[in-house]
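# Examining the three-dimensional arrangement
Here is what each chain is made of, one letter per residue.
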Amino acid sequence: MSELIPVRQMDPSHPSDKIYVRDTEGLYQRIRAFSLWALMGLYFGAVWINVNGQQIVHFDLPARQFHLFGATFWPQDFFLLSLMLLICAFGLCFITSLVGRVWCGYTCPQTAWTFVFMWLEEKVEGSRNQRIKLDRRGPTLNRLRKKSLKHGLWLLVALGTGVTFIGYFYPIRELVPDLATFSMSNGWAGFFIGFFTLATYLNAGWMREKVCLHMCPYARFQSAMFDEDTFTVCYDGPRGEPRGPRKKNSDQRTQGLGDCVDCGICVQVCPTGIDIRQGLQYECINCGLCVDACNQVMDRMDYPRGLIRYTSANALNGLASGWLRPRVLIYGASLILMATLVVVLASTRPALYLEVMRDRGGLYQTGPGELIENTYNLKLTNRSPQRETFDLRVAGPEGTRLLQSLQVTLDSGQNRTVPAVVQIPASKISASRSDLTFTASSQDNPALGISTDSTFFGPAPRPGSPSRNAP
Ligand code: SF4
Ligand code: SF4
């Protein structure tokens with residue numbers, strides 16, 4: 001595979017570092033627009049969808065619960081969440097090994113927001129040529145008006161992005177009225193809205209492709225997932241070279257020219273400002289815009305389409321090319337394995353959690369009637385779909401009992417911590433540590449119960465003395 005070479009072709013018509021992206025039309029632009037608008041719609045819309053009174057995506061940090069499309073995850077599910085993130089990472093590797101950086105070109109949030117910001121820029125300031133002229137013209141009233149409108153719109157989108165993002169943590173139906181009435185009790189929410197607004201405005205409005213080129217680590221290690229069969233945007237050099245301008249319908253073969261008319265449009269439409277004719281480069285986000293642009297040129301020249309196209313290095317060189325390769329199979333098998341594990345773990349998650357925490361105040365107390373006491377905090381989480389009342393019990397050495405009987409009623413998804421004092425007669429304690437088992441069981445649903453082991457501390461028997469509970 002040709003190595004990913006860092007070549008950045010500046011637009012010769014505007015030698016500053018700014019890239020003026022030219023709008024184009026075509027199949028890949030349509031797919032891209034559909035994908036990016038749909039993702040934006042999902043981002044701004046999902047936060048407003050409630051099912052059974054619960055926001056479908058809500059990271060409820062104070063309650064330590066993550067609600068994701070009807071499923072609720074607690075801190076105990078950390079392993080499951082980590083596995084899901086791992087699946088996403090392997091999914092990215094799998095897709096990249098097959099079709100290169102299509103994630104970057106069609107779904108990455110940086111691409112999506114940049115796309116919307118560029119769309120607004122074009123609506124306000126006009127086409128690429130009009131934007132270049134506007135910037136060259138120097139300060140005028142018209143320029144000031146257009147720039148103010150553009151930046152105002154960018155800030156509005158950025159603010160909407162910031163509010164929506166925080167709405168995934170702080171219920172959006174409370175957040176928006178609180179913001180509108182300046183009655184927000186949580187100052188951190190205000191701080192993070194400001195932070196994400198600024199970050200969006202700078203990333204999508206000002207930095208754009210620089211984020212992909214200099215800040216995104218994925219651009220740097222993507223080559224490790226590429227091979228000669230990876231499907232990516234390529235320029236057909238043997239067909240296109242030697243490049244050169246010519247009139248339509250002239251016979252380029254007699255002029256010794258290839259199919260590339262050297263119009264430079266593929267460079268002008270590129271969001272990262274590179275020239276794909278110089279080979280595969282790490283800046284290329286595989287968006288296919290140069291394919292669309294070049295196909296239009298080919299149509300105008302009555303040449304076959306596909307001078308720039310999605311293909312693999314092997315296919316371009318006339319070699320056999322296939323989808324099933326060792327790395328694809330390894331990524332795919334790992335994905336299937338992890339997805340199966342997630343399904344099994346998720347479907348066998350207990351509907352009840354009982355966490356037992358010993359009181360740190362002391363090892364034990366001696367109560368009335370030679371009773372040794374240990375204090376615990378029992379945290380019970382009801383993950384069943386309905387409200388339940390649970391009896392809490394304890395089992396251990398003979399005579400083990402709770403100081404008070406404990407009953408806890410919990411709504412679905414609710415958790416509560418209750419203190420519990422366990423008593424054991426001193427005469428029944430044979431070691432400084434005894435095993436205990438706490439049990440929680442539903443009063444109405446016999447199948448719903450859970451046990452958790454813990455330790456009871458008592459006075460150590462004196463060396464050589466007979467066991468306290470010996471007959
Ligand atoms: S758009 Fe096509 S014809 Fe024009 S310069 Fe690029 S590769 Fe050549
Ligand atoms: S070279 Fe083509 S595919 Fe790559 S980023 Fe530029 S326009 Fe997109």
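Residues numbered from 1 in each chain as written. Chains lettered and ligands numbered in written order. Predicted model: local features only at pLDDT ≥ 70, side-chain atom pairs only at ≥ 80, totals over all residues. Heavy atoms only, no water.

### Details of the packing of helix α6 (residues 141-167) against helix α8 (residues 187-207)
The contact between α6 and α8 brings their axes to 7 Å, and the two run at 135 degrees. Overall, the two elements α6 and α8 adopt an arrangement that is oblique. Crossing of α6 against α8: the hand is right-handed. For the pair α6 and α8, contact is made by His-151, Trp-154, Leu-155, Ala-158, Leu-159, Thr-161, Gly-162, Val-163, Phe-165 and Ile-166 and by Ala-189, Phe-192, Ile-193, Phe-196, Thr-197, Thr-200, Tyr-201, Gly-205 and Trp-206, respectively. (Axes fitted to C-alpha atoms, helices over the stretch in contact; angles between N-to-C directions. Helix = DSSP H or I, 4+ residues; strand = E, 2+ residues; numbered from the N terminus. Parallel < 35°, antiparallel > 145°, perpendicular 65-115°, else oblique. Left-handed = near helix turned anticlockwise from the far one by under 90°. Contact = heavy atoms within 4.5 Å.)

### Brief notes about the domain arrangement of the protein
Where interface size is given, it is often the accessible area lost as the parts come together that is meant. When cut into domains, the protein gives domain 1 (27-73 + 108-207) and domain 2 (352-457). Look at where the C-alpha atoms of domain 1 and domain 2 centre, and you get two points 48 Å apart. (Domains from an automatic or database assignment.)

### A few points about unusual backbone geometry
Across the junction of Glu-241 and Pro-242, the peptide omega takes the value -5 degrees, indicating a cis bond. Structurally, Pro-242 is set in the loop between α11 (237-240) and α12 (265-268). With phi around 55 degrees, Glu-370 is a residue other than glycine that occupies positive phi space. Considering the arrangement of structural elements, one finds Glu-370 in the loop between β9 (365-367) and β10 (371-382).

### A look at helix α13 (residues 289-301)
The first and last C-alpha atoms of α13 sit 19 Å apart over 13 residues, in line with the 18 Å expected at 1.5 Å per residue. Most of α13 sits out of view: 10 of its 13 residues are buried. Burial in α13 covers these residues: Leu-289, Cys-290, Val-291, Asp-292, Ala-293, Cys-294, Asn-295, Val-297, Met-298 and Met-301. Structurally, α13 contributes buried residues whose contacts are with α1 (27-46), β6 (232-235), α11, α12 and β7 (308-311). One or two residues past the end of α13 sits Asp-302, with phi positive at roughly 65 degrees. (Expected span 1.5 Å × (residues − 1). Buried < 20%, exposed > 50% of the residue type's maximum accessible area, 1.4 Å probe, protein only.)

### Description of the layout of surface pockets
Size it by volume and the largest pocket reaches roughly 1600 Å³. Taken together, 41 residues line the largest pocket, and the ones lying closest to its centre are Tyr-43, Phe-59, Trp-103, Pro-109 and Phe-165. Elements supplying a minimum of two residues to the lining of the largest pocket: α1, β3 (57-60), β4 (65-68), α2 (78-99), α3 (102-106), α4 (109-125), α6 and α8. Considering every element that reaches the lining of the largest pocket, the biggest residue donor is α2, with nine residues. Looking at the lining of the largest pocket residue by residue, the classes come out as 32 nonpolar, eight polar and one charged. The computed volume of the second largest pocket comes to approximately 550 Å³. Every residue lining the second largest pocket is counted, 30 residues in all, and those nearest its centre are Asp-23, Gln-29, Arg-32, Phe-115 and Met-118. Looking at the lining of the second largest pocket, the elements that each hand over two or more residues are α1, α4 and α9 (209-215). At nine residues, the largest contribution of residues to the lining of the second largest pocket is made by α4. Broken down by class, the residue content of the lining of the second largest pocket amounts to 12 nonpolar, seven polar and 11 charged. (1 Å grid on protein atoms, 1.4 Å probe; cavity = no way out; pocket = protein on both sides within 12 Å on 5 of 7 lines; lining within 4 Å. Points joined across faces, edges and corners; volume = space filled by probe spheres on them. Nonpolar A, V, L, I, M, F, W, Y, C, P; charged D, E, K, R; others polar.)

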